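Geometric and topological summary
Listed below, chain by chain, are the residues.
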Amino acid sequence: MMKFIYHLTMLRSRKMIQKKYGTEFWKKFKPKSDTLFKDVLKKTPNIGESVFSFNYAYAPSYVAWYKTMRSLGLDAKQADELMWLMNEKMLLTVPKPFLHMAGKVYLNGFRKKAAKHERRQKNGLHPYDWEIAFRDIDDNSFEINITKCGFIAFAKEFDADGMLPGICNVDYMISHYMGNGFKRTMTLGYGDKCCNCHYELTGKCPIRPEGNFK
């Protein structure tokens, strides 16, 4: 899955990156990123059964992309924005009419697995896994407080702390396109004590949080 995510996103993003930063940038970006991804992937452990397994599958790609962008001269804001656009290209591989259907299916499954994850974490979690507190509200909504983020731990290990909090905002994009309700007033990536996530199977979500990137 990690290799699939990386290579499909690179394929989908090629023309966009070339248009934004030029062909010469792409010629440098791709081989440097490919090499770094392979290196990070070799050092990426399996975190086992986790409700965040799909999220975690992006971690090696995020590290490779972010560090390569910075090494080629992009500042933190430019790297955040380009990673945002790459995520959007990957997500919109799925035609928009199908994304709403996929959103409900995904969140329904996520809710069921989250309750199980909360019980399982009492026996200990992998250092790169997420620690949560789950609360079911009604048929359409539930909440998760994330008190430990696997992305933060992974980024620190690979000296890519700067990729947060930019990637945190991708949650809004995904919910927006999938037709799910989502809001959050605290985010670990911004230095808050937790991510207080509120999800709705059917709802509305802005494509970016208010104020875009802080």
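The coordinates are above.
Reference entry: report on the structure contained in this document.

Comments concerning helix H4 (residues 59-71)
In this model H4 runs 18 Å from its N-terminal to its C-terminal C-alpha over 13 residues, within 8% of the 18 Å that 1.5 Å per residue would give. Buried residues dominate H4, accounting for ten of its 13 residues. Lining the buried residues of H4 we find helix H1 (2-21), helix H2 (23-42), helix H3 (53-56), helix H5 (76-91) and helix H7 (150-157). Downstream of H4 by a residue or two, Gly 73 has a phi angle that is positive, lying close to 105 degrees.

Description of the layout of surface pockets
Over the atoms rolls a probe the size of a water molecule, and its path tells where empty space is left. Here the largest pocket is characterised by a volume of approximately 880 Å³. Along its surface, the largest pocket is lined by 38 residues, and Phe 54, Asn 55, Tyr 106, Asp 171 and Ile 174 are the ones closest to its centre. Elements represented by at least two residues in the lining of the largest pocket include exactly H1, H3, H5, helix H6 (96-120), H7, helix H8 (170-178), strand E3 (181-184) and strand E4 (195-200). For the lining of the largest pocket, a count of residues per class yields 31 nonpolar, five polar and two charged.

Topic: the pairing of strand E1 (residues 131-136)
As judged from the six bridges shared by E1 and strand E2 (residues 141-148), these two strands associate in the antiparallel manner. Directly across from Ile 132, in E2, lies its bridge partner Ile 146.

Focus on the nonpolar core
Across soluble globular proteins, nonpolar side chains have a tendency to be buried as a group. The biggest cluster of nonpolar side chains holds 69 residues, and the ones touching the most others in it are Phe 29, Trp 65, Met 69, Met 86, Ile 144, Ile 146 and Met 163. Here this core takes eight residues from H5, the largest share from any one element. With near-sequence residues (within four places) excluded, Ile 144 lies in contact with Phe 110, Ala 114, Ile 132, Ala 133, Phe 134, Cys 195, Asn 196, Cys 197 and Tyr 199.

Re the pattern of salt bridges
A full pass over the atoms with the stated rule returns nine salt bridges. Salt-bridge contacts for Lys 27 lead to Glu 24; the nearest nitrogen and oxygen are separated by 3.7 Å. One end of the pair, Lys 27, and the other, Glu 24, are both in helix H2, three residues apart, so they sit about a helical turn from each other. For the residue pair Lys 27 and Glu 24, the accessibility class agrees, reading exposed in each case. Ionic pairing is found between Arg 208 and Glu 81, a salt bridge with its closest N-O pair at 3.0 Å. You can see Arg 208 sitting in the segment after E4 and its partner Glu 81 sitting in helix H5, a full 127 residues away along the chain.

Rules used in this analysis
- Within any chain, residue numbers begin from 1 and follow the written order of that chain's sequence.
- Reporting in this predicted model follows two pLDDT cut-offs: at least 70 for local features of residues, and 80 or more for side-chain atom pairs to be given and counted; totals over whole chains, interfaces and linings ignore these cut-offs and use all residues.
- Side-chain measures were taken over the full set of non-hydrogen atoms in the model, leaving aside hydrogen atoms and water.
- A helix here means a DSSP run of H or I that spans at least four residues, while a strand means a run of E at least two residues long, and both kinds are numbered starting from the N terminus.
- For a helix, the expected span equals 1.5 Å multiplied by the residue count minus one.
- With a 1.4 Å probe rolled over the protein chains alone, any residue whose accessible area is under 20% of its type maximum counts as buried; one over 50% counts as exposed, and the rest are partly exposed.
- Note on contacts: a residue pair qualifies if any of its non-hydrogen atoms lie within 4.5 Å across the two residues.
- In this analysis a 1.4 Å probe is tested at points of a 1 Å grid over the protein atoms alone, and where it fits but cannot get out there is a cavity; an open set with protein on both sides within 12 Å along at least five of seven lines is a pocket; lining residues have an atom within 4 Å of a point.
- Grid points are joined across faces, edges and corners, and a volume is the space filled by probe spheres set on the points.
- Residue polarity is assigned by list, with Asp, Glu, Lys and Arg as charged and Ala, Val, Leu, Ile, Met, Phe, Trp, Tyr, Cys and Pro as nonpolar; anything else, Gly included, falls into the polar class.
- We treat two strands as partners when DSSP finds at least two bridges between them.
- Put simply, buried Ala, Val, Leu, Ile, Met, Phe, Trp, Tyr and Cys residues joined by side-chain atoms within 4.5 Å make one nonpolar core.
- Just to be clear on terms, a salt bridge is a Lys or Arg side-chain nitrogen sitting within 4 Å of an Asp or Glu carboxyl oxygen.

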